[in-house]
Amino acid sequence: MDFKTNVRVILAFLIVILAMSSMVALAVSGMNVLHLQLNEIVQVNAEKLRQVAIMRRSNRERFIGLQHMLLLDDPFEIDEVAMSHMGHANHFVAARTKLFEMALSGQELDSLQRVRETSMMAAPLNTKIRDLVTDERQTEAREMMLQRLGPAQDAIYQELQTLATYYEKQAQLSNNRAKAQYQEKSRWMLALLALVSLLC
């Protein structure tokens, strides 16, 4: 081969190497972006699950607090439990508000809306029962807890359990999807690297 032919071959070879190297660089960059995006999805689901856990705990502690108040005789102790009871209500509302501020699917919105409606119905019952206990009308308070507040609290808890299960499944799906796509891109990158090595 003459000099010009040699130059053309070398240039073509360099172009191929450059193109393959660029493809490898793009593959690596794509893997990093994919990893960040899917990691964010997993973290978002984890945060949603954390807020649901706060709501479940607050919902449970409020009911336990009322039961505790029914067993107390000391007005100061009753007031102390009542303050704690109101604090749990604030935690519940704050967690629910955070969830509503996040990106939600239709299923999540429907479930949270049912939680909101039921909790709005349960809130005045909590206040009424707390007032009855403070006024030493334990029998009325106990009846209202069993007949009206109990079913409402159970409905809220079941809805929150449904949300928790949904987020746990979504987190697992996202994690599995991230691993599968990351492994696929890793195989492509290794194949490209092997091809570049062969050409070199």
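**A word on the packing of helix α2 (residues 75-101) against helix α3 (residues 106-134)**
Part 1 of the reasoning: Across the interface, α2 lies against α3 with an axial gap of 12 Å and an inter-helix angle of 170°. Classified by the angle their axes make, α2 and α3 are roughly antiparallel. Remark: the crossing between α2 and α3 carries left-handed chirality. Across the interface between the two elements, I78, A82, H85, M86, F92, R96, L99 and F100 from α2 touch L109, L112, Q113, V115, R116, S119, N126, R130, V133 and T134 from α3.
Part 2 of the reasoning: Its residues assigned to classes, the contact of α2 with α3 shows 10 nonpolar, 5 polar and 3 charged.

**Concerning the confidence of the model for the chain**
Detailed reading of the predicted coordinates is not advisable wherever pLDDT falls low.
Part 1 of the reasoning: The predicted model of the chain has a mean per-residue pLDDT of 81, with 74% of residues at 70 or higher.
Part 2 of the reasoning: Mean pLDDT in the chain bottoms out at helix α1 (residues 3-70), which sits at 75, and peaks at α2, which reaches 90.

**Concerning α2**
Residue pairs spaced three or four apart in an α-helix point in one direction, given the helix's 3.6 residues per turn.
Part 1 of the reasoning: Helix length check: α2 (27 residues) gives 39 Å between terminal C-alpha atoms against 39 Å at 1.5 Å per residue, within 8%.
Part 2 of the reasoning: When we look at burial in α2, the residues that qualify are I78, V81, A82, H85, H88, A89, F92, A95, R96 and L99.

**Some details on the pattern of salt bridges**
Part 1 of the reasoning: Applying the stated rule across the entire model yields 5 salt bridges.
Part 2 of the reasoning: Residue E108 pairs with K48 through a salt bridge whose shortest N-O separation is 3.0 Å. Of this pair, E108 sits in helix α3 while K48 sits in helix α1; the two residues are 60 residues apart in sequence, bridging distant segments of the chain.
Part 3 of the reasoning: Among the residues examined, E108 registers a relative accessible area of 4% and is labelled buried.

**Some points on the packing of aromatic side chains**
Part 1 of the reasoning: All told, the structure shown has 1 aromatic pair when counted by the stated rule.
Part 2 of the reasoning: Consider the rings of Y166 and Y167, whose centres lie 5.6 Å apart with planes at 65°: the pair is edge-to-face.
Part 3 of the reasoning: By relative accessible area, which is 18% here, Y166 ends up buried.
Part 4 of the reasoning: The aromatic ring of F100 is capped on one face by R116, whose charged end is 4.3 Å from the ring centroid.

Conventions used here
Residues numbered from 1 in each chain as written. Predicted model: local features only at pLDDT ≥ 70, side-chain atom pairs only at ≥ 80, totals over all residues. Heavy atoms only, no water. Axes fitted to C-alpha atoms, helices over the stretch in contact; angles between N-to-C directions. Helix = DSSP H or I, 4+ residues; strand = E, 2+ residues; numbered from the N terminus. Parallel < 35°, antiparallel > 145°, perpendicular 65-115°, else oblique. Left-handed = near helix turned anticlockwise from the far one by under 90°. Contact = heavy atoms within 4.5 Å. Nonpolar A, V, L, I, M, F, W, Y, C, P; charged D, E, K, R; others polar. pLDDT = per-residue confidence, 0-100. Expected span 1.5 Å × (residues − 1). Buried < 20%, exposed > 50% of the residue type's maximum accessible area, 1.4 Å probe, protein only. Salt bridge = Lys/Arg side-chain N within 4 Å of Asp/Glu carboxyl O. Phe/Tyr/Trp six-rings, centres within 6.5 Å; stacked < 30°, edge-to-face > 60°. Lys NZ or Arg CZ within 6 Å of the ring centre and 35° of its normal.

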